[in-house]
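# Geometric and topological summary
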Amino acid sequence: MSAQRFLMVAGTTLNGKITDGNGSFLPFSSDEDQKWLKKMINDSDVLIVGRKTYEKHAEIGPLSKPHIVFTQQIKGIQIKRDNVHFFNDRKDDLINLCDILQYKTITILGGSEIYHWFLKEKILSDIYLTIEPHFEGKGLNLLSGPSFIEQEKWKLKKTVVLNSSGTLLLHYQKK
Ligand SMILES: NC(=O)c1ccc[n+]([C@@H]2O[C@H](COP(=O)([O-])OP(=O)(O)OC[C@H]3O[C@@H](n4cnc5c(N)ncnc54)[C@H](OP(=O)(O)O)[C@@H]3O)[C@@H](O)[C@H]2O)c1
């Protein structure tokens, strides 16, 4: 169980928005970040998303990796089709599910409600933030949900400038 790593992966604007006013991050997302994200997904055992993000991505194309989809429309855990688990349970049950299915590299792809839950529950081991050099007046903030006190400490492990426009990838690890 201790071998599990829960990685939060998000792309934001300079003012911390993860979408534009139409609910999309694509207008901001650089090719270099898309390439990095693809590799990150390839290296993951499972992807965790909120139901809204899942529906948005299902519109885009087939799912390449096992998914755990958070939704409050069910109780507990439901397997709807191959490799897609719907989840509405406690933190310990998520850890046990990943343990049973031997998921070790667990990548949290958002959206803002899901990032909020993982930070609140203090499960994350790493945070990868890509900052795209734009400002957005509308759109969703990185976190949405009731306020909580962040008690964890994060250490900056690595920064990478992904392109000449100044897209910056930050990697933090729990201290
Ligand atoms: N820039 C980025 O890196 C990035 C990454 C991912 C997503 N996004 C964008 O973010 C937007 C979606 O974010 P969002 O915050 O609106 O929605 P979301 O986090 O994707 O999904 C929210 C849904 O997840 C379920 N949920 C939330 N908390 C839960 C919990 N504790 N237990 C069980 N289920 C839970 C609920 O589903 P039910 O309503 O079914 O109960 C809720 O409506 C999209 O526009 C997407 O494009 C951006």
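Note that the coordinates shown come from a computational prediction; the quantities given were computed from them, not determined experimentally.

### So, the overall build of the chain
- Looking only at helices and strands, the chain features 4 helices and 9 strands.
- The C-alpha atoms of the chain give a radius of gyration of 16 Å, which matches the 16 Å a tight globule of 175 residues would have.
- Dimensions of the chain along its principal axes, counting C-alpha atoms only, are 45 × 40 × 30 Å.
- Scored against the burial criterion, the 175 residues of the chain give a buried share of 30%.
- Of all intrachain contacts in the chain linking residues separated by at least 6 positions in sequence, the fraction that spans at least 24 positions is 67%.

### Observations concerning the sheet that holds strand 2 (residues 46-50)
- The mixed open sheet is built from 9 strands, whose spatial order is 4-5-3-2-6-1-7-9-8. Pairing within the sheet leaves two strands with one partner each, and these edge strands are strand 4 (76-81) and strand 8 (154-161). Looking at each pair of strands side by side, their axes are set apart by 20 degrees on average, direction ignored.
- Both strand 3 (residues 67-70) and strand 5 (residues 84-88) contribute to a ladder of 4 bridges, which runs parallel. If you follow I68 over to strand 5, its bridge partner there is H85.
- Most of the contacts of helix 1 (residues 31-42) go to strand 1 (residues 5-13), to which it runs at about 165 degrees, and overall it touches strand 1, strand 2, strand 6 (105-110), strand 7 (126-132) and strand 9 (168-174).
- Along the sheet face, helix 4 (residues 112-121) touches strand 1, strand 2, strand 3 and strand 6 and points at about 135 degrees away from the line of strand 6.

### Quick notes on the pairing of strand 9
- Of the pairings in the sheet, the one linking strand 7 to strand 9 comprises 6 bridges and is antiparallel in character. In the sheet register, I131 faces strand 9, and the bridge partner there is L168.
- Pairing of strand 8 with strand 9, which is carried by 7 bridges, proceeds in the antiparallel orientation. Along strand 9, the bridge assignment pairs K155 with Q173.
- Here strand 8 folds back onto strand 9, and the loop between the two strands holds 6 residues, one of which, G166, carries a positive phi near 95 degrees.

### Quick word on the site of the ligand
- In the vicinity of the ligand lie 27 residues, with G50, T53, Q72, G110 and G111 positioned nearest.
- Taken together, the residues that form the shell around the ligand break down as 9 nonpolar, 14 polar and 4 charged.
- Summarising the domain contributions, the shell around the ligand has at least three residues from each of domain 1 (14-43 + 123-175) and domain 2 (46-101).

### A word on the domain arrangement of the chain
- Examined at the domain level, the chain breaks down into domain 1 (14-43 + 123-175) and domain 2 (46-101).
- Once you take the C-alpha centre of each, domain 1 and domain 2 turn out to be 21 Å apart.

### With respect to the pairing of strand 4
- Across the 6 residues of strand 4, 0 count as buried, placing the element largely on the outside.
- By the bridge criterion, 5 bridges tie strand 4 to strand 5 in an arrangement that is antiparallel. Each bridged residue has a counterpart across the sheet, and for I79 the counterpart in strand 5 is H85.
- Here strand 4 folds back onto strand 5 in antiparallel fashion, the turn holding 2 residues, of which N83 has a positive phi close to 70 degrees.

Basis of the calculations
- Residues numbered from 1 in each chain as written.
- Predicted model: local features only at pLDDT ≥ 70, side-chain atom pairs only at ≥ 80, totals over all residues.
- Helix = DSSP H or I, 4+ residues; strand = E, 2+ residues; numbered from the N terminus.
- Rg over C-alpha atoms; globule rule 2.2 N^0.38 Å.
- Buried ≥ 20, exposed ≤ 12 C-beta atoms within 10 Å, placed from the backbone.
- Contact = placed C-beta atoms within 7 Å.
- Pairing = 2+ DSSP bridges.
- Axes fitted to C-alpha atoms, helices over the stretch in contact; angles between N-to-C directions.
- Near = placed C-beta within 6 Å.
- Nonpolar A, V, L, I, M, F, W, Y, C, P; charged D, E, K, R; others polar.
- Domains from an automatic or database assignment.

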